[in-house]
Amino acid sequence: MQSSAAARKMTPEGWLEPPPLPHHYDTAENHQAALRFGMWLFLGTEVLLFAGIFLGYFVFRTYFPEAFEQAGRHLSLFWGTSNTLLLLTSSLTVAMAHYNAEHGKNRNAFWLLLVSILMGAGFLCIKGIEYHDKFVEGALPGRFFSFSEITAPGGPVFYVVYFFSTGLHALHVIVGMSLLTWVAIRCWRKEFSPQYYSPVENAGLYWHLVDLVWIFLYPLLYLV
Amino acid sequence: MTAPITTTAVPPSGPVFPKKSYLNDGTSIRSWLLTHDHKRIAILYLVGTLIGLFLGGIFAMVIRLELLTPGPTIIEALTYNRMFTLHGLVMIFMFMIPAIPGVFGNFFLPIMLGAKDVAFPKWNLTSWYVYMAGSILMLWGLITGGADTGWTFYAPYSTTTTTNIAPVLLGVFIIGFSSILTGLNFIVTIHTLRAPGVTWFKMPLFIWAIYATSIIQVLATPVLGLTTLLVAAEHTFGFGFFDPAKGGDPILFQHLFWFYSHPAVYIMVLPAMGVVSEVICAAARKNIFGYKMIAMSSLGIAFVGFFAWGHHLFTSGQSAFDAGSFAAISMLVGVFTAIKVFNWVGTLYKGAISFTAPFAYICGFLFFLVFGGMTGVALATVSLDVHWQDTYFVVAHFHFIMVGAVIMGFLAALHYWFPKMFGRKYPENWALLAAGLIVLGFNATFIPQFLLGNAGMPRRYYEYPDRFTSLNVASTAGASLLAFGFIIIAIYLAISLFHGEVAGRNPWGSRGYEWDVPSPPPTENFDKVPVFTRGPHEYQDIPEDLSKVGHAI
Amino acid sequence: MASTVTTGGHAQDNAHKEWGPGKLFLNWCALIVLTFTTFGVSQLPMPVNYHLAAALCISVLKVTLVVLFFMHLWWSDGVNRIVFVTSFLFLGVLMFFVMADVGTRFTLSNSRIPPMPIVDQKVMPSGMPPGMSNVPQGTTAGPGPSSGEAGK
């Protein structure tokens, strides 16, 4: 979104010079602060987006506690925990990528971001496996439900909550991966420096939010 | 070259239309559609929202014409349901939510802060495209198959209706994104791009109003997004989230929906209140009474507005505990609104009022806000709401606020800032005539609806008993008067765009910061970072020597 | 001439205070430990509500670690912190009122929530139409609809 890398010259330190400051900002620091603030506001909106589905979880858990417990036990603890570990580790690599970009070590940042993206892909693969298992079992939402192992009423509703929350989350994982990919390409082009690293930071913030949502989803769906 | 501040005599040579301004800085369509200039984006929003106002008005007239007679008049029942759904969705999402922030917020926020643009100009343009895309999708969905659920699309009807609701919901979701982007942009702009000397309590009150509005937009709209997704998913796949037959909870839908939609009404009304603060000072040529109280009450309304949504669920089956809590909190909003009204009236006291068209709309605003607000507090009383819920009393209440307050605020803003935005004046006598028609027409339209509601006529009903006929006819007659007033405004404003008298920098003699720049302003707003030497809304100590006034250019 | 307020600022010296790879790795270790703790606690025999509470507490702790140190909110200016905390506060508002509603409404016929306590209709009329009661029919708790005191 900033001016193209082609227009910027390579500095002796080994990274491209920062893009020109937009005309309505007085300092680069102010611009960075504004970008960061804007991103935090956007993360706030994402928190409230997921708020509704978490509310749905708690409401229907109150109505159908047994079904939620039974269904939770039938979710694969192995896959769920693996997903959690994957996302937490990818959060680490993204944070390290941010550190590297902030110090102008673009190639390091690139590899770290690549690892993060691969972990995100791994997350999605595991999710795919889990969804496939649900289809096979008949553990599906609403009128598609046919999973006889859940005997208490409310089984279909659990799976509505499950699929909607994990599906919305997976969508955000895909968006996050796209953001990280775009930023990784820019790292490859050595665009970032101590004076300019906001895109890495902001993409990282989005990815961390994806991790945050999963930190709450995992115990509520798989463990309780 | 600046024109002297004066409200009466114009120098013999007359004000001159600036040669270069944001309007002619690039005249191709591409320069408009790919602009980063917040002022051009404001004009783009003006076009979009006026189309929404026009369409919403047409649907309103169809509704009122149908209600002329107790039985079928011009359309059939399903079409009637589609009409009020169209009217609600188009009016709210295409006009009421984006209009004042998108048009006047976009245009004047940076100028009032001494900035050259908003924080993220490209996201600003994106928000307009998102708004247009969402609007087109929503309209297309409404026209092809058309939702008949009402704009509130309550489950389980909305999840089981055979009408084509999915694109409508998707359109609403997308428009919501535009709202979030605009709010986000404004918040960051206010925090980071204020010129030196413009501290928080030196900002014009319009900015405070926009700030409070933007906070609501950012916090509340995502919940609407999720709700539309849930309803669309349930409608398409039959999930059973809100369907009690499948174990769902329809009241959960109402909670989720109104968690956004109640703060949404404050998104609509707060900017209009900001406009009132601006215009009332200029019209009365007086400092605002109680600047800090008005600023803080904007935030207060935004905050308390989030805790009041359950008053839409009084008769839906929510628990008594919730009903009582929401009732009490809803009344609190009246306190903040009353603070504003008293302060505005205090501003008028001993002011030197010039009765212009903007001021006429302010008068309408004050009158209708008080009555709309008081009926709101009455509706917040649970026992009274049991009688009035889903009747025309509620319809009249919210139209008093939506039309009586917000649209009056919009018209006041349009007339007050028309010279600044387009460099030309509109004909004052036609404007006063139109204002009179609108205020009169408004009264004639909606006061009968209070009486109808109290007498028991339900809302969204296609047919009604014969005894309600006379009041309905009166309401329709008023609506026609209202429509006539709007048409007159449209005509003279369109003519004034090209043939109006050149306005000069400050035809009102207002002390708002935006009147320091030329009319219309140049693309860059300011040559160098401006220094505002006076406080906001400061009408005392007008210096004789105008060179002491901090001119921006 | 800098703008009046630095918001979300990361002054150059602040950047040096932010954690490097070593401390970030330690943060990650803490998160992994907490994950396994959550898992372990879930295996303990406890009433379900305790499980829920424990799981939420540990999740909040993990989220705090991620937000403060991975997302740098510890070194960030107040405005960003206010934004994040505020979004959670309003999430709380939404949850509180809706859960309060769900918790104090009538009981549903197919749920395990016990019926609301029977209220002496003379002392506090429930406002329900005569003949109706808010107790599920067919249960042994409380009088049925034929009770002459129901409704006022």
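Let's talk about the overall build of chain C
1) Next: Secondary structure assignment for chain C yields four helices and zero strands.
2) Next: The N-to-C order of helical and strand elements in chain C reads α-α-α-α.
3) Next: Here the contacts in chain C between residues at least 6 apart in sequence split such that 53% fall between residues at least 24 apart.
4) Next: Entry remark: accessible area of chain C is about 8400 Å², with carbon and sulfur atoms responsible for 70%.

Considering the packing of helix α1 (residues 28-63) of chain A against helix α3 (residues 48-70) of chain C
1) Next: The contact between α1 of chain A and α3 of chain C brings their axes to 16 Å, and the two run at 170 degrees. The angle between the axes of α1 of chain A and α3 of chain C places the two elements in the roughly antiparallel class. In contact with W40, Y57, F58 and R61 of chain A of α1 of chain A, α3 of chain C contributes V48, L52, L56 and V67 of chain C.
2) Next: Residue classes in the contact of α1 of chain A with α3 of chain C are distributed as seven nonpolar, no polar and one charged.

Quick word on the state of the cysteines
1) Next: Counted according to the given criterion, the structure contains zero disulfides over all chains.
2) Next: With no disulfide of its own, C281 of chain B has C363 of chain B as its nearest cysteine by sulfur position, at a separation of 14 Å.

Considering the environment of S297 of chain B
All names here are of chain B.
1) Next: The topology assignment puts S297 in helix α10 (residues 291-305).
2) Next: A sequence separation of 47 residues divides S297 from P250, and the C-alpha atoms of the two residues are 34 Å apart.
3) Next: Leaving out residues up to four positions away in the same chain, S297 has contacts with F336, I339 and K340.

Regarding unusual backbone geometry
All names here are of chain B.
1) Next: Along the chain, A155 connects to P156 via a cis peptide bond; the corresponding omega equals 0 degrees.
2) Next: Summarising the element assignment, P156 is placed in the loop between α5 (121-143) and α6 (157-160).
3) Next: S519 connects to P520 through a cis peptide bond whose omega is -10 degrees.
4) Next: Topologically, P520 is positioned in the segment after α16 (469-499).
5) Next: Positive phi is not limited to glycine here, since K350 has a value of about 60 degrees.
6) Next: Note on placement: K350 falls in the loop between α11 (320-348) and α12 (357-379).

What about the interface of chain B and chain C?
1) Next: Contacts between chain B and chain C engage 29 residues on the former and 19 residues on the latter.
2) Next: Buried area between chain B and chain C, summed over both chains or domains, comes out near 1900 Å², and the portion from carbon and sulfur atoms is 73%.
3) Next: On the chain B side of the interface with chain C, the three residues burying the most area are H191, L219 and S319 of chain B, jointly 21% of the side's total.
4) Next: Elements with a contribution of two residues or more to the side of chain B that touches chain C: α7 (166-192), α9 (250-284) and α11 of chain B.
5) Next: Of the residues that constitute the side of chain B that touches chain C, the class distribution is 18 nonpolar, eight polar and three charged.

Focus on a nonpolar patch on the surface
Residue and element names in this part refer to chain A.
1) Next: The grouping of W111, L114, L118 and W188 at the surface amounts to a nonpolar patch, some 430 Å² of accessible area in total.
2) Next: Per-element tally for the nonpolar patch: the top contributor is helix α4 (residues 106-137), with three residues.
3) Next: Here L118 shows up in helix α4.

Digging into the nonpolar core
Residues and elements named next belong to chain B.
1) Next: With 300 residues, the main nonpolar core has F104, W344, F365, W417 and M421 as its most contacted residues.
2) Next: Here the element with the most residues in this core is α9; it accounts for 24 residues.
3) Next: For F104, the residues in contact, after removing those within four places along its chain, are A99, L109, F206, F410, A413, L414, W417 and M421.

What about the packing of aromatic side chains?
Aromatic ring pairs are reported here in terms of the distance separating the ring centres and the angle at which the planes meet.
1) Next: Under the criterion given, the structure shown has 86 aromatic pairs over all chains.
2) Next: We note R107 of chain A situated over the ring of W188 of chain A; from NZ or CZ to the ring centre the distance is 4.0 Å.

Looking at the confidence of the model for chain C
All names here are of chain C.
1) Next: Scored by pLDDT, chain C comes out at a mean of 75, with 59% of its residues at no less than 70.
2) Next: In the model of chain C, helix α1 (residues 12-17) stands out as the element of lowest mean pLDDT, 53, in contrast to helix α4 (residues 78-104), which has the highest, 94.
3) Next: Confidence drops under a pLDDT of 50 for residues 1-14, and excluding neighbours within four residues, the segment shows 45 contacts in the predicted structure.
4) Next: Segment residues 139-152 is flagged for pLDDT under 50; beyond a separation of four residues in sequence, or across chains, it makes 21 contacts in the model.
5) Next: Scored as a complex, the prediction yields pTM 0.90 and ipTM 0.94.

Details of the pattern of salt bridges
Working definition: two side chains of opposite charge can pair if their charged atoms are close together.
1) Next: Tallied over the entire structure, the rule returns 13 salt bridges over all chains.
2) Next: Through salt bridges with shared partners, a single ionic network connects R8, R186, R189 and E191 of chain A.

Considering the interface of chain C and chain A
1) Next: Listed per partner, the contact involves 61 residues of chain C and 54 residues of chain A.
2) Next: Roughly 5100 Å² of surface becomes buried between chain C and chain A when both sides are summed, with 76% attributable to carbon and sulfur atoms.
3) Next: Here chain C and chain A share zero salt bridges between them.
4) Next: Summed over the shared surface of chain C and chain A, the result is four residue pairs in polar contact (both at pLDDT 80 or more).
5) Next: Only α1, α2 (21-43), α3 and α4 of chain C provide two or more residues apiece to the side of chain C that touches chain A.
6) Next: Of the residues forming the side of chain C that touches chain A, the biggest block, 13 residues, is contributed by α4 of chain C.

Conventions and cut-offs
Residues numbered from 1 in each chain as written. Chains lettered and ligands numbered in written order. Predicted model: local features only at pLDDT ≥ 70, side-chain atom pairs only at ≥ 80, totals over all residues. Heavy atoms only, no water. Helix = DSSP H or I, 4+ residues; strand = E, 2+ residues; numbered from the N terminus. Contact = heavy atoms within 4.5 Å. Areas by Shrake-Rupley, 256 points an atom, 1.4 Å probe, with all protein chains shown as cover. Axes fitted to C-alpha atoms, helices over the stretch in contact; angles between N-to-C directions. Parallel < 35°, antiparallel > 145°, perpendicular 65-115°, else oblique. Nonpolar A, V, L, I, M, F, W, Y, C, P; charged D, E, K, R; others polar. Disulfide = S-S within 2.5 Å. Buried area = accessible area lost by both parts, 1.4 Å probe. Patch = residues over 30% accessible without salt bridge, like charges linked within 9 Å, V, L, I, M, F, W, Y side chains within 5 Å. Salt bridge = Lys/Arg side-chain N within 4 Å of Asp/Glu carboxyl O. Core = buried A, V, L, I, M, F, W, Y, C linked by side-chain atoms within 4.5 Å. Buried < 20%, exposed > 50% of the residue type's maximum accessible area, 1.4 Å probe, protein only. Phe/Tyr/Trp six-rings, centres within 6.5 Å; stacked < 30°, edge-to-face > 60°. Lys NZ or Arg CZ within 6 Å of the ring centre and 35° of its normal. pLDDT = per-residue confidence, 0-100. Polar contact = N/O pair within 3.5 Å; in protein donor to acceptor, adjacent residues only side chain to side chain.

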